[in-house]
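# Architecture at a glance
Chain by chain, the residues run as shown.
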Amino acid sequence: MRFHSDEATAVRRGHLVPEQLEDWVPSACAAVAEHLRHRGIAPTGYPYARWHPLPGGEIEAEAGFPVGTPIASSGDVEPSSLPAGPVLAVWHTDPDEKLPLSYHTVQDWLETGDAVATGDSWEIYHDLPTCDHVGTRIEIVQPITFPTP
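Scoring rules and cut-offs
Residues numbered from 1 in each chain as written. Predicted model: local features only at pLDDT ≥ 70, side-chain atom pairs only at ≥ 80, totals over all residues. Heavy atoms only, no water. 1 Å grid on protein atoms, 1.4 Å probe; cavity = no way out; pocket = protein on both sides within 12 Å on 5 of 7 lines; lining within 4 Å. Points joined across faces, edges and corners; volume = space filled by probe spheres on them. Helix = DSSP H or I, 4+ residues; strand = E, 2+ residues; numbered from the N terminus. Nonpolar A, V, L, I, M, F, W, Y, C, P; charged D, E, K, R; others polar. Pairing = 2+ DSSP bridges. Core = buried A, V, L, I, M, F, W, Y, C linked by side-chain atoms within 4.5 Å. Buried < 20%, exposed > 50% of the residue type's maximum accessible area, 1.4 Å probe, protein only. Contact = heavy atoms within 4.5 Å. Salt bridge = Lys/Arg side-chain N within 4 Å of Asp/Glu carboxyl O.

Of the volumes computed, that of the second largest pocket is approximately 230 Å³. W51, P53, Y103, V106, Q107, L110, A117, D120, S121, I140 and Q142 together form the lining of the second largest pocket. Listed by contribution, the elements that provide at least two residues to the lining of the second largest pocket are β3 (48-53), α2 (99-110) and β9 (138-145). Per-element accounting of the lining of the second largest pocket gives the leading share, four residues, to α2. For the lining of the second largest pocket, the class distribution of residues is seven nonpolar, three polar and one charged.

What follows covers the pairing of strand β2 (residues 7-16). Relative to strand β5 (residues 77-82), β2 runs antiparallel, the two sharing six bridges. Across the sheet, residue R12 finds its bridge partner in β5, namely V77. Judged from the eight bridges that link them, β2 and strand β4 (residues 59-66) form a sheet pairing that is antiparallel. Within β4, the residue paired with R12 across the bridge is A63.

As a further point, take the nonpolar core. Core analysis: the biggest nonpolar cluster contains 20 residues, and A10, L21, W24 and V25 have the highest contact counts within it. Counting residues per element, the ones that place at least two in this core are β2, α1 (21-38) and β4. Per-element accounting of this core gives the leading share, seven residues, to α1. Discounting residues that sit within four places of it in the chain, W24 has contacts with R12, R13, G14, L16, A61, E62 and A63.

Attention shifts here to the environment of A61. Looking at where A61 falls in the secondary structure, it is placed in strand β4. On the accessibility criterion, A61 (2% relative accessible area) is buried. In this structure, the C-alpha to C-alpha distance between A61 and R12, residues 49 residues apart in sequence, is 8.2 Å. Leave out the neighbours within four places in its chain, and A61 touches R12, R13, G14, L16, L21, W24, R50 and W51.

This brings us to the pattern of salt bridges. One pass over the structure, following the stated rule, counts five salt bridges. With a closest N to O distance of 2.6 Å, R13 and E78 form a salt bridge. One end of the pair, R13, is in strand β2; the other, E78, is in strand β5, and 65 residues separate them in sequence. Look at E78 and you get partly exposed, because its relative accessible area is 28%. Each of R13, R50, E62 and E78 takes part in salt bridges that share partners, so that together they form one network.

Geometric values such as these leave the question of function open.
See the structure below:
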């Protein structure tokens, strides 16, 4: 568990079905990286993706990079941010097909009652995404709060 500061990000957004996420994230991160490079903006951290379930089985996703200051919208790249506050962080270092097990670890910890999820989690890709995968060193970050007794 750690405390996360509010962080400005540059992202690409999309409405997808969950099965599209694996292919969409690397291309979205590449598009944002190219956008930032053309404007002389250096990312301040690793690429990430976050999504929110929508009715009907779709998800609203964003993928991109943290940046030092908020950016202006331009084409497909938009400003966003990651929320401040305490987070539960779990490392995933297994093959991609075992990623759901790491999410189960997060859920198991939350079920102990020591903390409550307070929003959508995100994945930080410590191996830079390539055109065919997002890597195997993934940090799952879940914002949390602590219940009052």
